[in-house]
Amino acid sequence: MSVSQRAWAPPVRDGLGVGIAAGLAGLAFGTSAVTAGLSVAQASVLSVLAFTGASQFALVGVIAGGGNLAAGVAGALLLGARNTLYGLRLSDVLGWRGVRRIVATHGVIDETTAVALAQRDSRDARLGFVTTFAATFVCWNVTTVVGAVATGHVGDITALGLDAVVPAVFLALLWSRLRHGNRERWVALGGVGIALGTTTFLPAGVPVLLAAVAALIATLVASTRRPETLVRAR
Amino acid sequence: MSLWIAIVVTGVGCLLLKVIGMTAPRRLLDDPRVADFATIVPVALLAALIGLETFTVGQSIGVDIPRVAAIGAAAVALTLRAPFLVVLLVAAATAAGLRAIGVG
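Residues numbered from 1 in each chain as written. Chains lettered and ligands numbered in written order. Predicted model: local features only at pLDDT ≥ 70, side-chain atom pairs only at ≥ 80, totals over all residues. Heavy atoms only, no water.

> Any chance you could break down unusual backbone geometry for me, citing the residues and the numbers?
At Phe51(A), a residue that is not glycine, the phi angle is positive and equals roughly 45 degrees. Its location among the elements puts Phe51(A) in the loop between helix H4 (40–49) and helix H5 (53–64). Of note, Arg81(B) is a non-glycine position whose phi angle comes to about 60 degrees, a positive value. (Helix = DSSP H or I, 4+ residues; strand = E, 2+ residues; numbered from the N terminus.)

Following this line, the structure appears as structure tokens:
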């Protein structure tokens, strides 16, 4: 295959499309972070080190609400734990070892996983992963800085509707899961109920953590229904 | 906990979580409950975050109409399978537009 044919292969196209789009949301992150009181440096460090959108937005949300920082960090890490699951899947599919695996590890997020797992073979998965990682990393970090710096000059975040972008990002991430099945919808409902029910009397960040109880209940219910468990009970 | 500590712990913590996933033995997934919980927990958390952003103003239950409308518009865009960026633009434009005409 010639170089020009490889350059626009599906994994590269997917990777660029997803990566750039997701990366541009960094603008909303940079803006939210500075509005919440972080410095440009703090927003940048978060984007470079954590490099996982939902966790970053969640932490910034707690900071903005003046809530318990420890709870905010815990919530961010709990959200980040899904990248652990992705890694378990990806390390097989990508099959890298040594330095390449170490570097690739930083890029394990929703978008890179989605593109990599959608490809047909290991070689395309690697290409998709690398493209998505590169595109997302560059765009996300550049726009974080742009958003953070520009916030000082942009008069009103709410006038531009940028405060609505954050929940929209969460909704987009959740959407495909909600279409999955009833169980996901019930857990989502449970999560919302727990959070809204406790937010008036618990410090910011804690209601979100409590919402994980809905997931715990769903897991325990599912495990009691599992065939192995039923057989043992008999 | 100072802000910098929270940021660094979050950043390094998130990185470590990725490292664990990429370097851990597959045996971790052998207990179905672990995998199950880890798969479903983001649903609960993301839903909680969306619910809080939509139906609270500060620490109390309340409705900011332009924001609620923006999230609703995002939901419509998602139903219509709009690309990610379009969904974000729709949300921002809805909120901005409603506020511009004096709603909320």
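> Help me get a handle on the packing of aromatic side chains, residues and values and all.
Residue and element names in this part refer to chain A. Under the defined criterion, the tally for this structure stands at 9 aromatic pairs over all chains. A centroid spacing of 6.0 Å and a plane angle of 35 degrees characterise the contact between Phe51 and Phe133, whose relative ring orientation is tilted. Of this pair, Phe51 sits in the loop between H4 and H5 while Phe133 sits in helix H9 (residues 122–151), placing them 82 residues apart in sequence. Following the ring pairs from residue to residue traces out a cluster consisting of Phe51, Trp96, Phe129, Phe133 and Phe137. (Phe/Tyr/Trp six-rings, centres within 6.5 Å; stacked < 30°, edge-to-face > 60°.)

> Which residues make up the pattern of salt bridges, and what values do they have?
All told, the structure shown has 3 salt bridges over all chains when counted by the stated rule. Here Asp110(A) ties to Arg82(A) by a salt bridge, and the two come within 2.6 Å at their closest N and O atoms. Here Asp110(A) is found in helix H8 (residues 110–117), whereas its partner Arg82(A) is found in helix H6 (residues 69–94), with 28 residues between them in sequence. The class of Asp110(A) is buried, set by a relative accessible area of 15%. One salt bridge in this structure joins Asp36(B) and Arg183(A), with 3.0 Å as the shortest N-O distance. Linking Asp36(B) in helix H2 (residues 32–55) with Arg183(A) in helix H11 (residues 182–198), this pair reaches from one chain into another. Classification of Asp36(B) as buried rests on a relative accessible area of 13%. (Salt bridge = Lys/Arg side-chain N within 4 Å of Asp/Glu carboxyl O. Buried < 20%, exposed > 50% of the residue type's maximum accessible area, 1.4 Å probe, protein only.)

> Break down the packing of H4(A) against H9(A) for me, with residues and values.
All names here are of chain A. In contact at an axis separation of 9 Å, H4 and H9 are set at 165 degrees when each is read in the N-to-C sense. Between H4 and H9, the interaxial angle falls into the category roughly antiparallel. Of the two possible hands of crossing, H4 and H9 adopt the one that is right-handed. Here Val40, Ala43, Ser44, Ser47 and Val48 of H4 lie close against H9, whose contacting residues are Phe137, Trp140, Asn141, Thr144, Val145, Ala148 and Val149. (Axes fitted to C-alpha atoms, helices over the stretch in contact; angles between N-to-C directions. Parallel < 35°, antiparallel > 145°, perpendicular 65-115°, else oblique. Left-handed = near helix turned anticlockwise from the far one by under 90°. Contact = heavy atoms within 4.5 Å.)

> Tell me what's going on with the interface of chain A and chain B, and back it up with residues and numbers.
Interfaces are often sized by the accessible area lost when the parts come together. Listed by partner, the interface residues are 88 residues for chain A and 66 residues for chain B. Summed over both sides, the interface of chain A with chain B buries roughly 6800 Å², with 77% coming from carbon and sulfur. Joining chain A to chain B, the criterion identifies 7 residue pairs in polar contact (both at pLDDT 80 or more). The biggest single contributor to the side of chain A that touches chain B is H6(A), with 20 residues. Looking at the side of chain A that touches chain B, its residues break down into 60 nonpolar, 19 polar and 9 charged. (Buried area = accessible area lost by both parts, 1.4 Å probe. Polar contact = N/O pair within 3.5 Å; in protein donor to acceptor, adjacent residues only side chain to side chain. Nonpolar A, V, L, I, M, F, W, Y, C, P; charged D, E, K, R; others polar.)

> Go over the environment of Leu210(A) with me, naming the residues and quoting the values.
All names here are of chain A. Position of Leu210 among the secondary structure elements: in helix H12 (residues 206–210). Residues Leu210 and Ala195, 15 residues apart in the sequence, show an inter-C-alpha distance of 7.0 Å. Ignoring any residue separated from it by four or fewer positions in sequence, one finds Leu210 in contact with Ile194, Thr198 and Leu202.

> Could you give me a rundown of a nonpolar patch on the surface, with the residues and numbers involved?
Together, Trp4(B), Val8(B), Val12(B), Leu16(B) and Val19(B) make up a nonpolar patch on the protein surface, roughly 390 Å² of accessible area in all. Examined against the element boundaries, Leu16(B) turns out to sit in helix H1 (residues 3–23). (Patch = residues over 30% accessible without salt bridge, like charges linked within 9 Å, V, L, I, M, F, W, Y side chains within 5 Å. Areas by Shrake-Rupley, 256 points an atom, 1.4 Å probe, with all protein chains shown as cover.)

> How would you summarise the packing of H5(A) against helix H10 (residues 165–180) of chain A if you had to cite specific residues and measurements?
Residue and element names in this part refer to chain A. Running from amino to carboxyl end, H5 crosses H10 at an angle of 145 degrees, the nearest separation of the two axes being 11 Å. Relative to H10, the crossing made by H5 is left-handed. Across from Ala54, Phe57 and Ala58 in H5, the residues of H10 making contact are Val166, Val169, Phe170 and Leu173.

> Go over the nonpolar core, please, and point to the residues and values.
Formed by 79 residues in total, the largest nonpolar core has its most connected members in Phe29(A), Phe57(A), Phe129(A), Phe170(A) and Leu171(A). The biggest single contributor to this core is H2(B), with 11 residues. When residues no more than four places from it in sequence are discounted, the contact partners of Phe57(A) are Ala25(A), Ala28(A), Phe29(A), Ser32(A), Trp140(A), Val166(A), Val169(A) and Phe170(A). (Core = buried A, V, L, I, M, F, W, Y, C linked by side-chain atoms within 4.5 Å.)

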